[in-house]
Amino acid sequence: MLTAKQNQLLLFIQERLASSGVSPSFDEMKDALGLKSKSGVHRLINALEERGFIRRMANRARAIEILKTPDNMPTRQGGDNVVSAPFGQNQAPAVQPSAGDDTFEIPLHGKIAAGTPIEALENRDSFVSIPGAMMGRGNCFALEVSGDSMVEMGILDGDTVVIESADTARDGEVVVALVDREEATLKTLRRNGKFVELVPANRDYQTQVLEAGRVQVQGRLVGLLRQYH
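Residues numbered from 1 in each chain as written. Predicted model: local features only at pLDDT ≥ 70, side-chain atom pairs only at ≥ 80, totals over all residues. Heavy atoms only, no water.

**Observations concerning the overall build of the chain**
Tallying secondary structure elements over the chain gives 3 helices and 14 strands in all. Counting across all 229 residues of the chain, residues that qualify as buried make up 42%. Carbon and sulfur atoms form 46% of the exposed surface of the chain, whose accessible area is close to 12,200 Å². (Helix = DSSP H or I, 4+ residues; strand = E, 2+ residues; numbered from the N terminus. Buried < 20%, exposed > 50% of the residue type's maximum accessible area, 1.4 Å probe, protein only. Areas by Shrake-Rupley, 256 points an atom, 1.4 Å probe, with all protein chains shown as cover.)

Here it is, written out as C-alpha cells:
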C-alpha cells in the first residue's frame, strides 16, 4: 500500500517516462508534488525503490525504471491513520488476558516499515497472543514488519514485532520512530548532537540523519513473533 504522495510521485514519473523517455529531475518532482525541499523527494524515491515499484540505474543521472504500478491498490490519504501512542481513549484495552494464564492478547495496529518510512496503519479490531514473558513494563501493541532493512538483527519481512509504548528510548534501542508526524519506521535509535540517526541493520540501506525535532519515539521493541508456513 502506497501513501498518497508516494502514489502521486510514481504516477508523475510514469507519465514523464511515457511522454519523453526521461525521468523527471528532483526539482521537477518537488514542484509537481508541492514539496518544500528535495529531501522529501529523496524520502519518497527511497520508499518506492524499497517496495519494488521503481529501480534507479547505477551511474546514470535521471535514470529511473518503473517496475510495477499499484493497480487496484488503494492509497492512504493524509496522516489520520498513523500509528501514535497512546492510540485514543475509547479503544479496547491495550492488553487483554487470553484463555491461558501464560499469554496475553495485544492489539495489532497494522504495518511498520523496516526500510524507508511508510504509513503505519492502525487496525483496532485485530489482536495477537503473546507470551507473558514478552510483555514490557507498560502497554504493548503489535505491528507487522514490511521491508528488509533490519534483517541483520533477525527482523524479517512479514514478522510481527511487539512494541512497548514509550516516548523515550536509550541509544542503541530498536524503536518505532514517527518522522515528520506522518510516517513511521522501525530502526535502531542513535543520537548525535542536534540530530537523530535511524540506523538500519542491512548494509544495503543508509542511515537516516534527521533533525531531532522531526522524530518522535512511539515505542521500543520488546519481542518478535514469526509464523513458519
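There is more to say after this.
**Here's the deal with the pairing of strand β6 (residues 103-113)**
As paired elements, β6 and strand β7 (residues 127-131) share 5 bridges and run antiparallel to each other. Following the sheet pairing, Phe104 is matched in β7 by Ile130. As paired strands, β6 and strand β8 (residues 140-146) are joined by 4 bridges and run parallel to one another. Paired with Lys111 across the bridge in β8 is Glu144. (Pairing = 2+ DSSP bridges.)

**Focus on the pattern of salt bridges**
All chains considered together, the criterion is met by 12 salt bridges. Note that Arg43 is salt-bridged to Glu183, the shortest N-O span being 2.4 Å. With a gap of 140 residues between them, Arg43 in helix α3 (residues 38-50) and Glu183 in strand β11 (residues 183-192) connect regions that are remote in the sequence. We note that Arg43, like Glu183, is buried. The shortest N-O distance in the salt bridge between Glu65 and Arg55 comes to 2.4 Å. Taken together, the residues Glu65 in strand β3 (residues 64-66) and Arg55 in strand β2 (residues 54-56) connect sequence positions 10 residues apart. On the accessibility criterion, Glu65 (27% relative accessible area) is partly exposed. (Salt bridge = Lys/Arg side-chain N within 4 Å of Asp/Glu carboxyl O.)

**Regarding the packing of helix α1 (residues 4-20) against helix α2 (residues 26-33)**
Interhelical geometry of α1 versus α2 gives an angle of 125° and a closest axis separation of 10 Å. One element, α1, and the other, α2, form an angle in the oblique class. Our pair here, α1 against α2, has a crossing hand that is right-handed. For the pair α1 and α2, the contacting residues are Lys5, Gln8, Leu9, Phe12, Ile13 and Arg16 in the first and Glu28, Met29, Ala32 and Leu33 in the second. When the residues that make up the contact of α1 with α2 are grouped by side-chain class, the tally is 6 nonpolar, 1 polar and 3 charged. (Axes fitted to C-alpha atoms, helices over the stretch in contact; angles between N-to-C directions. Parallel < 35°, antiparallel > 145°, perpendicular 65-115°, else oblique. Left-handed = near helix turned anticlockwise from the far one by under 90°. Contact = heavy atoms within 4.5 Å. Nonpolar A, V, L, I, M, F, W, Y, C, P; charged D, E, K, R; others polar.)

**Some thoughts on the packing of α2 against α3**
Remark: α2 packs on α3, axes separated minimally by 9 Å, with the N-to-C direction vectors making an angle of 95°. The angle between the axes of α2 and α3 places the two elements in the roughly perpendicular class. Where α2 abuts α3, its residues Phe26, Asp27, Met29, Lys30 and Leu33 lie against Lys38, Val41, His42, Leu44 and Ile45. For the contact of α2 with α3, the per-class residue count stands at 6 nonpolar, 1 polar and 3 charged.

**A short note on α2**
Looking only at α2, the buried set comprises Met29, Lys30 and Leu33. The buried residues of α2 occupy an angular sector of 100° when the element is viewed end-on, so they sit on one face. Buried positions along α2 lie against α1, α3 and β3. (Arc of directions from axis to C-beta.)

**Quick notes on the UniProt feature "active site" (unreviewed entry) in the chain**
Under the feature "active site" (unreviewed entry), the UniProt entry names Ser149 and Lys187. In three dimensions, the annotated residues from a span of 39 residues occupy one location, with a maximal C-alpha spread of 8.4 Å. Here Ser149 shows up in the loop between β8 and β9 (160-165). On the basis of relative accessibility, which here comes to 0%, the residue Ser149 falls in the buried class. Note that Lys187 resides in strand β11. Judged by its relative accessible area of 2%, Lys187 is buried. (UniProt positions renumbered as here; feature names shortened; annotations may be inferred.)

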